[in-house]
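Residue-level structure breakdown
Read off the chains here:
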Amino acid sequence: MKDNQSYIRLPIFIVFSLFISLTFCLHPVFSQNSDLKKVLYLNSYNVTYSWSDSITSGVVKTMAARPDVLLYIEYLDANRFGTSNFENLYKLYKEKYSNVSFDVILVSDNDALDFINKYGEQLAPHVPVIFCGVNNIQDYPLKEKPWFYGIKEEVDQSLVLKVILDIIPSVKTLYFINDSTTTNLVLNRYIKEEIEPRFSSRVEFVYIYSANMDSLLQRISSLNAHSAIAMVNFVRDSEGKPVNQDVLFQKVLALSKVPVFTGTEALLGKGVIGGVINKGSTHGRSMATLALKFIDHPGYKPAQRIYMPDLHYYFDYNVLKKFNIDESLLPNGSVIINKPLSLKDYLKYIIALVVFASFQALIIFYLIINIGRRRRAEQNVLTKYEEIQKQNKQLEDANDMVNNMNARLEELNENLSESNQALVVAKQRAEDADKLKSSFLANMSHEIRTPLNAIIGFSTLSADTSFSESKRNYFIQVAKSNSDQLLRLIDDILDLSKIESGQIQVVNEIFSVNDILLELYTSAKHSLTNTNVDLRISPYAQNNQLMMKSDPIRFKQIVSNLLANAIKFTEEGFIELGFSIENQQLIFYVKDTGMGIRPENLSNIFERFWKTEGNDERLFSGTGLGLAICKKFCELLGGSIWVESVLNSGTTFYFTLSNIFYIRHPEPESLPSVTESPEQNWENYTIAIAEDEESNLQYLKESLRKSGIRIYSFGDGTDIVDFFANKPPQKIDVVLMDIKMPKMDGFTAAKLIKEKYPYVPIIAQTAYAMVSDIKMIKDSEFDDFITKPIRPQVLIEKIAQFLGKK
């Protein structure tokens, strides 16, 4: 049986470990990037939970001796949140470690093993997984996953009970206090089925499951002298709330009149008698040691898959005396803590202190020498950095600042190896941010400046009267086309921003699929200038009137983006828009005979900012956001999108949405022809326009000039309300109302006008195009709305609806 002499040797061990650790810390590491091995450690619980901290200490101490290994640690916090947050954690880790290739994965306890069993293949396919802290290994499909290895947590409970009955023969009742967490349920099942039948003739087993704290403590205080508490593992109460372990054990030990045994090293010396200790640090060290074998020997195959942990007997001298337990009854090899030191022990302790002081003096001397070297090295680094800073003084943007910081960190890494892990992580993150920012800024700069250059240039040329009228009309058409392109670019950027910030709201409505497809077909047909391309809509889409429940605005955006994409990449042949019904599901498609997509690029086609090249290696215009937005919208609406393509032959995009049902109606009228709207003659009608921006007002007047309609204009909501308050000189047939005005907004003005003239139709004109803004307009006094920028043809058609002239 061991005594406190093991603790006398502790200072020597600490000094030796400290000396070795400092030697490694001060030793330079030259290979820090490509040669680094990466290990992911998933802990089931949280920081400050003693069992978790103990395992983590074993892992970290073992890995600290290997500067070529980079350790990532994540805590699942399952004690507080259970498994409900696993799906979100998986998505987080998938994104967080998308650029990290792990060599080994370590997991501790059941919840982390459940997590990696479910998501491991998506995070790191067929990477060796080493687990510890798990009792019910038989419940996991290890035969199907031969790359799983483990350190079994299970302590031989029969050995634990034998120790209790050997040192306290008078015990008649054993109490097991547990809660309903995953690990405890597994442990209770094992004790009931395997251990209790073997000892039931000698002692009674009593189980106290998740309970109210007050009732639990009351029951503990009432235990009789022939009892013992064999186990206390209680992290959640009967209501599922976390329990502070330190506070719980203080109360249990204060109230208990019987000995309390434990298998947790963190409780030793706090009033428990002791027991068979399953040390978390031993588990962590064993896991890390096995992981290093996989790292050092690629293709390594251990002789066995499951290992048993090393166990230790620990007892508290003070508690043994309290319950009059003879030390001779303790198992061989037991360690007794808090035992008073003998004279011989004191002498050994003094010798240990002398050795400790000697080592400390050597370490101080060693540090003094190395501090001087490090200071000189730091001075050299700072000198070099100052030279670099002077050379790059003219570079002011954030991209160069990040690069300078990385350069400095790389220089410091060569001399300060103890900061290696933090610097490598910071460098990787900075490089990722730099690449994303550079790609985004370069792409956006090109895509914004290109149409803006055409708009400014051709707008200027159109004002030059030295050109012919046909030429100037051509210049105006080019400027208009580039304005549309710039507007689509801004819409794409805003849509992606709203999607990624979670601001997109889905508004499900029942709408006609055919009406929207015909509308988009007509619009695309009108804008298609390439006479070598035939734009079609499938007869099935024309002749079957289908109704669908989904978000019509997002549906329209998906189809519009796919049509625009097909037009861009098709130089001759045809483009077809349509849908089919398969297994009671609508499958929409946009098919073209364009340039097609290379097979190796099919997996990248829906990535943000990814743009395909033509067969002549020219890069097409665009942000590379359209297809990414389509994919996001399809997923947001419960569907999916995919592509089939043959290089040089064409491409077909398919997509589906959820919540779909369809109803057949009589065939609609024939497909509308694509022609310009006829000239309007509205000389007998009057419109009132409220618009505070003079340029916008002038634009609206010019757009309506050919119709002959009489126009009253007002610069603010108060002006038009005053006009209607005093009887208008003649009947107003329709009102065009801006939403945002300085003194009185359009909502208030429309409400006041409707109170006196409820029959006058009021159309809102707004630059707000978000779903929530449109819903607010629909729920207010307005009869309809039109969004800026306003096209003359759309404006004419909108007004015509209320004049009965469309």
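Definitions and limits used
- Residues numbered from 1 in each chain as written.
- Predicted model: local features only at pLDDT ≥ 70, side-chain atom pairs only at ≥ 80, totals over all residues.
- Heavy atoms only, no water.
- Helix = DSSP H or I, 4+ residues; strand = E, 2+ residues; numbered from the N terminus.
- Buried < 20%, exposed > 50% of the residue type's maximum accessible area, 1.4 Å probe, protein only.
- Contact = heavy atoms within 4.5 Å.
- Areas by Shrake-Rupley, 256 points an atom, 1.4 Å probe, with all protein chains shown as cover.
- Pairing = 2+ DSSP bridges.
- Expected span 1.5 Å × (residues − 1).
- Patch = residues over 30% accessible without salt bridge, like charges linked within 9 Å, V, L, I, M, F, W, Y side chains within 5 Å.
- Salt bridge = Lys/Arg side-chain N within 4 Å of Asp/Glu carboxyl O.
- Core = buried A, V, L, I, M, F, W, Y, C linked by side-chain atoms within 4.5 Å.
- Axes fitted to C-alpha atoms, helices over the stretch in contact; angles between N-to-C directions.
- Left-handed = near helix turned anticlockwise from the far one by under 90°.
- Nonpolar A, V, L, I, M, F, W, Y, C, P; charged D, E, K, R; others polar.
- 1 Å grid on protein atoms, 1.4 Å probe; cavity = no way out; pocket = protein on both sides within 12 Å on 5 of 7 lines; lining within 4 Å.
- Points joined across faces, edges and corners; volume = space filled by probe spheres on them.

Brief notes about the overall build of the protein
- Helices and strands together make up the secondary structure of the protein, namely 25 helices and 24 strands.
- Counting every position in the protein, which comprises 806 residues, the buried fraction comes to 44%.
- Across the protein, the fraction of contacts at a sequence separation of at least 24, relative to all contacts at a separation of at least 6, is 71%.
- For the protein, the accessible area works out to roughly 42800 Å², and carbon and sulfur atoms hold 53% of it.

Section: the pairing of strand E15 (residues 547-550)
- Only one face of E15 is covered, namely the one carrying Met548 and Ser550; the face carrying Met547 and Lys549 has none of its residues buried.
- Both strand E13 (residues 509-512) and E15 contribute to a ladder of 4 bridges, which runs antiparallel. For Phe511, the partnering residue across the bridge sits in E15 and is Met548.

Digging into helix H25 (residues 792-803)
- Look at H25: 16 Å from first C-alpha to last across 12 residues, which is about the 16 Å you get at 1.5 Å a residue.
- Among all positions of H25, only Leu795, Ile796, Lys798, Ile799, Ala800 and Leu803 are buried.
- Packed against the buried residues of H25 are strand E20 (686-690), helix H21 (694-704), strand E22 (734-738), strand E23 (762-766) and strand E24 (784-787).

Remarks on a nonpolar patch on the surface
- Together, Leu343, Tyr346, Leu347, Ile350 and Val354 make up a nonpolar patch on the protein surface, roughly 540 Å² of accessible area in all.
- When you line up the elements, Leu343 lands in helix H13 (residues 343-391).
- Classification of Leu343 by relative accessible area gives exposed; the value is 66%.

Observations regarding the nonpolar core
- Residues Leu517, Phe555, Ile558, Leu562, Leu563 and Phe655 are the most contacted members of the largest nonpolar core, which totals 45 residues.
- Residue assignment for this core shows that the elements contributing at least two residues are helix H17 (513-527), strand E14 (533-537), helix H19 (552-569), strand E16 (573-582), strand E17 (585-592), helix H20 (626-636), strand E18 (640-646) and strand E19 (650-656).
- Counting residues per element, this core draws most heavily on H17, which supplies 7 residues.
- Contact partners of Leu562, with chain neighbours within four places excluded, come to Val590, Leu627, Cys630, Ile641, Phe653 and Phe655.

A word on the packing of H17 against H19
- Packing of H17 against H19 leaves a shortest axis separation of 10 Å and a crossing angle of 35 degrees. The chirality of how H17 crosses H19 is right-handed. Here H17 contributes Val513, Ile516, Leu517, Glu519, Leu520 and Ala524 to the contact with H19, which in turn contributes Pro552, Phe555, Lys556, Val559, Ser560, Leu563 and Ile567.
- Classifying every residue of the contact of H17 with H19 by side-chain character gives 10 nonpolar, 1 polar and 2 charged.

Here we look at empty space enclosed by the protein
- Summed over all chains, the structure comprises 1 cavity of 30 Å³ or more.
- Empty space within the largest cavity amounts to approximately 50 Å³.
- Along the walls of the largest cavity sit Ile105, Ile116, Gly120, Glu121, Ala124, Val127, Val129, Lys145, Trp147 and Phe148, which together make up its complete lining.
- With 3 residues, the single largest contributor to the lining of the largest cavity is helix H6 (residues 109-123).
- Tallied by class, the residues present in the lining of the largest cavity amount to 7 nonpolar, 1 polar and 2 charged.

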